[in-house]
Amino acid sequence: LSSSTERVDRAGKMPIYAREKVRHLWLVNPKTQTLEAYECQGERWTLLATHQGDETARIAPFEAIELELAALWAD
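Owing to the predicted nature of the structure, the values given are computational and were not obtained by experimental measurement. (Residues numbered from 1 in each chain as written. Predicted model: local features only at pLDDT ≥ 70, side-chain atom pairs only at ≥ 80, totals over all residues. Heavy atoms only, no water.)

To continue, consider the overall build of the protein. Counting its secondary structure elements, the protein contains two helices and five strands. Counted from the first residue to the last, the protein has its helices and strands arranged as α-β-β-β-β-β-α. Taken along the three principal axes of its C-alpha coordinates, the protein extends 35 × 30 × 15 Å. The 75 residues of the protein split such that 29% are buried. Within the protein, residue pairs in contact and separated by at least 24 positions form 29% of the contacts whose partners lie at least 6 positions apart. On the protein, roughly 5300 Å² of surface is accessible, and the fraction owed to carbon and sulfur atoms is 51%. Separation between the mean location of the 9 positive side-chain charges and that of the 12 negative ones in the protein comes to 10 Å. (Helix = DSSP H or I, 4+ residues; strand = E, 2+ residues; numbered from the N terminus. Buried < 20%, exposed > 50% of the residue type's maximum accessible area, 1.4 Å probe, protein only. Contact = heavy atoms within 4.5 Å. Areas by Shrake-Rupley, 256 points an atom, 1.4 Å probe, with all protein chains shown as cover. Lys, Arg positive; Asp, Glu negative; His and termini not counted. Charge placed at Lys NZ, Arg CZ, Asp CG, Glu CD.)

Written as structure tokens, this is what we have:
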């Protein structure tokens, strides 16, 4: 996400992804150091979790892998 595209990503793209049966969606915001994980149920997105900072997370659909979020924010 970036401040210039966040509205398009959320209001424009997310409904298209739901319509096309994309099951999982992650929105990564390096500015706020957050990762939002969503799952599509029908044509509606459900927020599964919000991860932030230097957490280590297991995020659907890749729960078998630990993701160190700090690596996403590194310069």
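Here the narrative resumes.
For helix 1 (residues 6-19), with 14 residues, the first-to-last C-alpha span of 19 Å sits near the 20 Å given by 1.5 Å per residue. Every buried residue of helix 1 is listed here: D9, M14 and A18. Summarising the contacts, the buried residues of helix 1 are in contact with strand 1 (24-29), strand 2 (34-41) and strand 3 (44-52). Trailing helix 1 by a residue or two, K21 shows a phi angle of about 70°, which is positive. (Expected span 1.5 Å × (residues − 1).)

Both strand 1 and strand 2 contribute to a ladder of six bridges, which runs antiparallel. Looking across to strand 2, one finds that L25 is bridged to Y38. Between strand 1 and strand 2, which follow one another and run antiparallel, lie four residues, and Q33 among them has a positive phi close to 55°. (Pairing = 2+ DSSP bridges.)

The next thing to look at is the packing of aromatic side chains. Each aromatic ring pair is specified by the distance between its two centres and by the angle formed by the two planes. Taken as a whole, this structure holds one aromatic pair when the rule is applied. Look at W26 and F62: their rings are 6.0 Å apart centre to centre, the planes differ by 90°, and that puts the pair in the edge-to-face class. Of the two residues, W26 is situated in strand 1 and F62 in the loop between strand 4 (56-57) and strand 5 (67-68); the sequence distance between them amounts to 36 residues. For W26, a relative accessible area of 30% gives the class partly exposed. (Phe/Tyr/Trp six-rings, centres within 6.5 Å; stacked < 30°, edge-to-face > 60°.)

Sheet architecture is open: three strands sit in the order 1-2-3, paired in antiparallel fashion. Because the sheet does not close on itself, it has two edges, and the strands there are strand 1 and strand 3. For this sheet, the mean inter-axis angle between neighbouring strands, taken without regard to orientation, is 20°. (Axes fitted to C-alpha atoms, helices over the stretch in contact; angles between N-to-C directions.)

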